[in-house]
Amino acid sequence: DANLYLFVRVARLGARYILLLAEDRTEAYRLDDVRRDFVANISHELKTPIGAVSLLAEALSFAADDPDQVRKFAKRLSKESERLARITQEIIELSRLQAADALAKPELVSIDHVVSLAIDQNHVVADANSVALVSGGDHGATVYGDESLLVVALHNLIANAIQYSSSSPARVGIGVSNSGGIVEIAVTDQGVGIPEEDLDRVFERFFRIDPARSRNTGGSGLGLSIVKHVAHNHGGDVRVWSQLGSGSTFTIRLPEATTAEAGTGEEK
Ligand code: ADP
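- Per an unreviewed UniProt entry, the protein goes by Sensor-like histidine kinase SenX3 and derives from Conyzicola lurida.
- Turning to the protein, the UniProt annotation filed under Catalytic activity (unreviewed entry) states: "ATP + protein L-histidine = ADP + protein N-phospho-L-histidine."
- Annotation of the protein in UniProt includes, under Cofactor (unreviewed entry), the sentence "a divalent metal cation".

## Points about the packing of aromatic side chains
Then comes step 1: Evaluated as defined, the whole model comprises 2 aromatic pairs.
Then comes step 2: Geometrically, the ring pair formed by Tyr 5 and Tyr 29 is stacked, given 4.1 Å between the ring centres and 0° between the ring planes. In this pair, Tyr 5 sits in the segment before β1 (6-13) while Tyr 29 sits in helix α1 (residues 26-62), placing the two residues 24 residues apart along the sequence.
Then comes step 3: Taking the relative accessible area as the measure of exposure, Tyr 29 reaches 42% and is therefore partly exposed.
Then comes step 4: Note on Phe 203 and Phe 250: the rings are 6.0 Å apart at their centroids and 80° apart in plane angle, and the pair reads as edge-to-face. Here Phe 203 is found in the loop between β7 (182-189) and α5 (223-233), whereas its partner Phe 250 is found in strand β9 (residues 247-255), with 47 residues between them in sequence.

Calculation criteria
- Residues numbered from 1 in each chain as written.
- Predicted model: local features only at pLDDT ≥ 70, side-chain atom pairs only at ≥ 80, totals over all residues.
- Heavy atoms only, no water.
- UniProt positions renumbered as here; feature names shortened; annotations may be inferred.
- Phe/Tyr/Trp six-rings, centres within 6.5 Å; stacked < 30°, edge-to-face > 60°.
- Helix = DSSP H or I, 4+ residues; strand = E, 2+ residues; numbered from the N terminus.
- Buried < 20%, exposed > 50% of the residue type's maximum accessible area, 1.4 Å probe, protein only.

Written out as structure tokens, the structure reads:
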């Protein structure tokens, strides 16, 4: 961490002087490291489902005479390819978010609309798992940003809350509050909870506590990292409160849109 990387250029100025130009490249080196880690993680994450797909395809060709086996392998094949598609999609989203420090074209976004879109996207899975999605709180809050990114972020939180709910039927709350210029969207579940020592790490890329704990093991460990980047790109943050065995609350906090910003938002 303490290393300093300098790029030094030397030029002779006449007979008596030397010009030394030193450029601090520490940040560039650090970003290179981050990029290398990311690529290594991606390769690792993709190897498992790709390996599974090719094994299942092979198994399928051997099982041709047994319709039950064919059905079983085909079902697993479609699950694995769905997982592959989801991981690829998440990787693309995450690298796009990392490339953009700030949002290119912020627009006025209704939080009520974001909440209802994210709930709609999770309804089928929630119903299938007997999870009730209950929303409430302040109405009418707006922020400046990108509606589709905010929907992705909230979608990820709701999908996790459903996935890590431990009882059935279960309840997931989506609450909006708006005070002091901060809009908070909180997603609360009564699920398995997160061990205290892992609370800081859940937002890291590819971090998963124990894949066996989830309802299906299809997670990528990228969902919360995307939530964090979306919140940061909107000038906000995301926090977690959790108790093992009792449940978790993830809260996205965003600066409320003010009339002072209205001009800037429209012009861009
Ligand atoms: P994943 O695709 O594995 O869900 P995430 O980045 O969304 O990846 O989450 C990282 C890890 O944090 C998960 O693997 C899970 O262990 C834990 N986690 C996330 N949300 C919850 C939650 N609501 N309850 C309990 N654990 C959670």
